[in-house]
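Examining the three-dimensional arrangement
Spelled out, the chains give:
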Amino acid sequence: MRHSTASPAGCYPARMRWLLLGIAIAAAILVGIAYRGLKPAPPAAVERVPPRPDRRATTVPGPVTRPVPRASGPALSPAEKAIRLERIRRDYDEIRAKASAEYAAAGAAFPGGLNAFLRQLALLERENRADLAALLTPEELEDLELRETTAGQRTARLLGGTEATEEQRRAVFRLQHGFEDEFALTFDVSPAALLERERARQATLAGIREVLGDETFAAWARGESADYDTFQAFAVQQGLPGDTALRLWHVRNEFTLRRLEIATQALPPAQLQAAQAALAQQIESRVMAIVGAGAMTSARAQILQWLPQR
């Protein structure tokens, strides 16, 4: 099991540095036990490998030092791979359980709080994936992640009843998995962090929409937010064009993003209120342009509950 040294120790309180060191030692011991009895391999050359561009790690930045894969040596049989895969799973399950128990026992006294605990989990996930990547081919690793990660399960659930091709499902999975790798294990609710996450989320959605096309993407949008079904029902009721729900959903996302942008400006209360009111008026005008003036009264009552009243 490989452990990155890229994060400066000074970023963590003293107890956190000891805890991360303890987890690193425990991980090394567990993997040593897991691979006990295997014939030791001769030393391998070491290279500096930058992180994958679609798997950026915000908690442990910088390159990862890992052995160069060997070009020679007997290939593992499927049975041997299955045994080693189970060992990796067991080892990381034990380490996660230990870290979770320590966090639960410390409670509010845990150094660094929830964010520090989530950073530990993110580090473990990164190391887990590196170990899996060393064991499996890229195709086998992606198949495993499609079955077992939240991104893979989400892709199967939202696209399971659609006509999306296997190639499209895998492309969507990669986009969603990249987003979750970066943001799933974070708990920063500062305006700047929320804005960064929302920008990344909407960029991910734009990529998914490009892969699927509008008709199939509607199934994904419906799974992203219950608002989509509300918009769709309203469009049918009012006899509006078929793309109305998707256009309204896009305006709803734009409102969320621009509201977060305003929140990061640290405006005085009066200016903040004025900026928010101006945004609400602009968004309402956008909605009127989509549904028409005749349906706007109904729209205010049925589909604009998320928009502050002027």
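Structure report, in brief.

The nonpolar side chains of a soluble globular protein tend to be buried with one another. In terms of nonpolar packing, the biggest core is built from 34 residues, with Leu-212, Phe-217, Trp-220, Trp-249, Ile-283, Val-287 and Val-291 touching the most fellow members. Put simply, the parts of the chain that give this core at least two residues each are α5 (150-159), α7 (191-212), α8 (214-224), α9 (227-238), α10 (244-263), α11 (269-291) and α12 (296-302). Element by element, the count of residues in this core is highest for α10, at seven residues. If near-sequence neighbours (up to four positions away) are discounted, Trp-220 is found in contact with Arg-154, Thr-155, Leu-158, Leu-159, Val-172, Gln-176, Leu-205, Ile-208 and Leu-212.

A few words on the packing of helix α4 (residues 138-148) against α5. Each pair of packed helices can be described by the angle between their axes along with the distance between the axes. For the pair α4 and α5, the least separation of the axes is 5 Å and the interaxial angle reads 70 degrees. Between α4 and α5, the interaxial angle falls into the category roughly perpendicular. Read as a crossing pair, α4 and α5 show a hand that is right-handed. Between α4 and α5, the residues in contact are Glu-145, Leu-146, Arg-147 and Glu-148 and Thr-150, Gly-152 and Gln-153, respectively. A per-class count over the contact of α4 with α5 returns one nonpolar, three polar and three charged.

The next subject is the pattern of salt bridges. Applying the stated criterion across every chain, the model contains 20 salt bridges. One salt bridge in this structure joins Glu-198 and Arg-201, with 2.8 Å as the shortest N-O distance. Of this pair, Glu-198 and Arg-201 both sit in helix α7, three residues apart, roughly one helical turn. When its relative accessible area of 9% is taken as the criterion, Glu-198 is described as buried.

Turning to unusual backbone geometry, a few remarks are in order. With phi around 50 degrees, Ala-266 is a residue other than glycine that occupies positive phi space. Here Ala-266 lies in the loop between α10 and α11.

Next up on the list: the environment of Asp-243. On the secondary structure map, Asp-243 appears in the loop between α9 and α10. When the C-alpha positions of Asp-243 and Ile-290 are compared, they lie 9.8 Å apart, and in sequence the two are 47 residues distant.

Per the stated rule, a full pass over the model turns up six aromatic pairs. Summarising the aromatic geometry, the rings of Phe-255 and Trp-306 are spaced 5.5 Å apart at their centres and angled 50 degrees between planes, so their arrangement reads as tilted. With a gap of 51 residues between them, Phe-255 in helix α10 and Trp-306 in the segment after α12 connect regions that are remote in the sequence. Per residue, the accessibility class of Phe-255 equals that of Trp-306, and both read buried. Among the aromatic residues, those joined into a cluster by ring pairs are Tyr-103, Phe-110 and Phe-117.

Conventions we followed
- Residues numbered from 1 in each chain as written.
- Predicted model: local features only at pLDDT ≥ 70, side-chain atom pairs only at ≥ 80, totals over all residues.
- Heavy atoms only, no water.
- Core = buried A, V, L, I, M, F, W, Y, C linked by side-chain atoms within 4.5 Å.
- Buried < 20%, exposed > 50% of the residue type's maximum accessible area, 1.4 Å probe, protein only.
- Helix = DSSP H or I, 4+ residues; strand = E, 2+ residues; numbered from the N terminus.
- Contact = heavy atoms within 4.5 Å.
- Axes fitted to C-alpha atoms, helices over the stretch in contact; angles between N-to-C directions.
- Parallel < 35°, antiparallel > 145°, perpendicular 65-115°, else oblique.
- Left-handed = near helix turned anticlockwise from the far one by under 90°.
- Nonpolar A, V, L, I, M, F, W, Y, C, P; charged D, E, K, R; others polar.
- Salt bridge = Lys/Arg side-chain N within 4 Å of Asp/Glu carboxyl O.
- Phe/Tyr/Trp six-rings, centres within 6.5 Å; stacked < 30°, edge-to-face > 60°.

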